[in-house]
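# Reading the structure
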Amino acid sequence: MLISYTQVQGDRTSEDRDNGCSYPAADYEPKGRRARPVHNSAGLLASAVFLTYAWQSALVAQTMATSQGDLQVAPVVTGLDVPWGFDFLPGGGIVVTEREGDLLLVQNGQARSVRGVPDVVAAGQGGLLDVLVAEDFASSNLVYLSYAKKVGQGSATAIARAQLDLANARLVNLDDIFVAAPASTTGRHYGSRMAEGPDGYIYFTIGDRGDRPSAQSLASHNGSVLRIHPDGRVPNDNPFVSRQDALPEIWSFGHRNPQGLGFSPDGQLWAVEHGARGGDEVNHIRPGANYGWPIIAYGRHYSGLKIGEGTERDGMEQPAYYWDPSMAPSNLMVYSGKMWPEWEGDVFVGSLKFNYIARLSETAGGGGASGQSLTEVEQLKSVETGRIRDVREAPDGSIWFASQGDGAIYRLSR
Ligand SMILES: [Ca+2]
């Protein structure tokens, strides 16, 4: 059943905050084309009381032609304003973030705005970003949010943890378990995708915040994949815990702006990042490894200038795959094979720029040390796949995706 989420006209002056920023084409974040929630002078969301919800009869599912035949594409929730992340609740339903600062609980035929979300800096690429439902949610009610947090005159990527009170649609016991250092006055490259590991730790990404050299610095969280306990403590087996010159949460580094992160069914960690022009890349993440930015990279700066030293260097990892031209990757998901056994182990990546979901398979022969280990073998595309912001596998093996272009979440199934 389709749930339509309707917001009243918002204060258009909130869009002015995006003005004056310039971004490379692949990362460019257009403003939401829908009404925006009203923000008061303190930056607090004042929209919740104005929200209304409406039911519509379910639209007929459309079809998408794929290598597995014509699949059904059905809208789950519409009327969203820049959906950024969503995740599944064990009892059915989903939680969805809207970048402007709303968390929605979509469950039992209702879309409700969740109260108690943290104040976010909703400007540039910042805002309320990813949401992660804890594996043990049924007993813990824990959810994690990543967001742009105001710090001094700038902002920093923060991870908050809270309990989601489903009955009352509110967060309780909200706590920032991590705030990246340093903060930055730029509104770009927050990273922010999260995943829970099979080890129970929380993994998440942070981009270079527009300060390229900082991606190589272990004294900065910028340009990293990080790993923490669910309460924010640092695991004592993180790769840099014993180094005095390193921040101990860092798991891997040398990343530009990773906005996709996921574990494969066999427990391997994968990430996808916005590279420079012609250099968006998928990486198999290993602890302590250096992924090269900005010393090695495929592609060029958006100015046309060459990057760093070239494409390879000893001690720096090669991507498993890269796109040239850049497709502006959002999230990444490694598929279990539950609904489509032929796609087991394949990597699915949403494209913001070219409006499709990439399916990547292992290269025959494994690629080896110098070759790419993945190849893009299919582009899942339909009128619904406009500006894919998130892609996930549901518990039943169907593939769900958030279309920023449509302000909707769709379910892809047989
Ligand atoms: Ca790299």
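## Re the overall build of the chain
Looking only at helices and strands, one finds one helix and 27 strands in the chain. Within the chain, the fraction of its 414 residues that count as buried is 49%. Expressed as a percentage of contacts within the chain between residues at least 6 apart in sequence, the contacts between residues at least 24 apart total 58%.

## A look at the pairing of strand S8 (residues 110-113)
Going residue by residue along S8, you find Ala111 and Ser113 tucked away on one face and Gln110 and Arg112 left uncovered on the opposite face. In terms of strand pairing, strand S7 (residues 102-107) meets S8 through four bridges, oriented antiparallel. Its bridge partner being in S8, Gln107 is matched across the sheet by Gln110. Hairpin connection between S7 and S8: a loop of two residues separates the two successive antiparallel strands, and Asn108 in this loop has a positive phi of roughly 55 degrees.

## Topic: the sheet that holds strand S5 (residues 83-88)
Pairing in this open sheet of four strands is antiparallel, and the strands run S5-S6-S7-S8 from one edge to the other. Bordering the open sheet on either side are S5 and S8, each of which pairs with just one other strand. If you compare each strand with its neighbour and ignore which way they point, the axes differ by 20 degrees on average.

## Looking at the pairing of strand S14 (residues 202-206)
With five of its five residues buried, S14 lies for the most part within the structure. Here S14 shows a buried face lined by Ile202, Phe204 and Ile206 and a second buried face lined by Tyr203 and Thr205. Between strand S13 (residues 194-196) and the antiparallel strand that follows it, S14, lie five residues; Gly200 among them carries a positive phi value of about 85 degrees. As paired elements, S14 and strand S15 (residues 224-228) share five bridges and run antiparallel to each other. In the strand pairing of S15, Ile202 is matched with Ile228.

## Here we look at the sheet that holds strand S16 (residues 250-253)
Pairing in this open sheet of four strands is antiparallel, and the strands run S13-S14-S15-S16 from one edge to the other. The open sheet has two edge strands with one neighbour each: S13 and S16. Along the sheet, successive strands turn relative to each other by an average axial angle of 20 degrees, direction set aside. Pairing analysis gives three bridges linking S13 to S14, with the strands arranged antiparallel. Bridged to Ala195 within S14 is Tyr203.

## A word on the confidence of the model for the chain
Taken as a whole, the chain shows an average pLDDT of 87; of its residues, 84% reach a score of 70 or greater. When pLDDT is averaged over each element of the chain, S15 comes out on top at 99 and strand S2 (residues 52-55) at the bottom at 32.

## Some points on the environment of Asn141
Tracing the backbone through its elements, the reader meets Asn141 in the loop between helix H1 (137-140) and strand S10 (142-151). Placed 31 residues apart in sequence, Asn141 and Val172 show a C-alpha to C-alpha distance of 9.8 Å.

## Brief notes about the nonpolar core
Among the nonpolar cores identified, the biggest contains 103 residues, and Val95, Val143, Tyr203 and Val282 are the most heavily contacted of them. Counting residues per element, this core draws most heavily on strand S11 (residues 154-165), at six residues.

## With respect to the environment of Ala297
Within the fold, Ala297 resides in the loop between strand S19 (280-285) and strand S20 (321-323). Judged by C-beta crowding, with 27 C-beta atoms within 10 Å, Ala297 ranks as buried. C-alpha separation for the pair Ala297 and Pro319, spaced 22 residues apart in sequence, amounts to 9.1 Å. Each residue touching Ala297, except ones within four places of it in the same chain, is listed here: Gly275, Ala276, Gly279, Gly292, Ile307 and Gly308.

## A look at unusual backbone geometry
Cis geometry marks the peptide bond from Ala181 to Pro182, where omega comes out at 0 degrees. Along the chain, Pro182 turns up in the loop between strand S12 (170-179) and S13. Cis rather than trans, the peptide bond between Asp324 and Pro325 has omega equal to 10 degrees. Mapped onto the elements, Pro325 comes out in the loop between S20 and strand S21 (329-334). Look at Asn141: it is not a glycine, yet its phi comes out positive at around 60 degrees.

Criteria and cut-off values
Note that residues are indexed from 1 along each chain, following the sequence as it is written. For this predicted model, a pLDDT threshold of at least 70 governs which residues receive local features, and a threshold of 80 or more governs which side-chain atom pairs are given and counted, while totals over whole chains, interfaces and linings are taken from all residues. Helix numbering and strand numbering both begin at the N terminus, where a helix is a DSSP run of H or I of at least 4 residues and a strand a DSSP run of E of at least 2. Exposed residues have 12 or fewer other C-beta atoms within 10 Å of their own C-beta, buried residues have 20 or more, and residues in between are partly exposed; the C-beta atoms are placed from the backbone. Throughout, a pair of residues is in contact if the C-beta atoms placed from their backbones lie within 7 Å. What makes two strands pair is DSSP finding at least two bridges between them. Between N-to-C directions, angles cover 0 to 180 degrees, with each direction set by a line fitted to C-alpha atoms, over the stretch in contact for helices. Per-residue confidence from the predictor is reported as pLDDT, a score between 0 and 100. To form a nonpolar core, buried Ala, Val, Leu, Ile, Met, Phe, Trp, Tyr and Cys residues must be joined through C-beta atoms within 7 Å.

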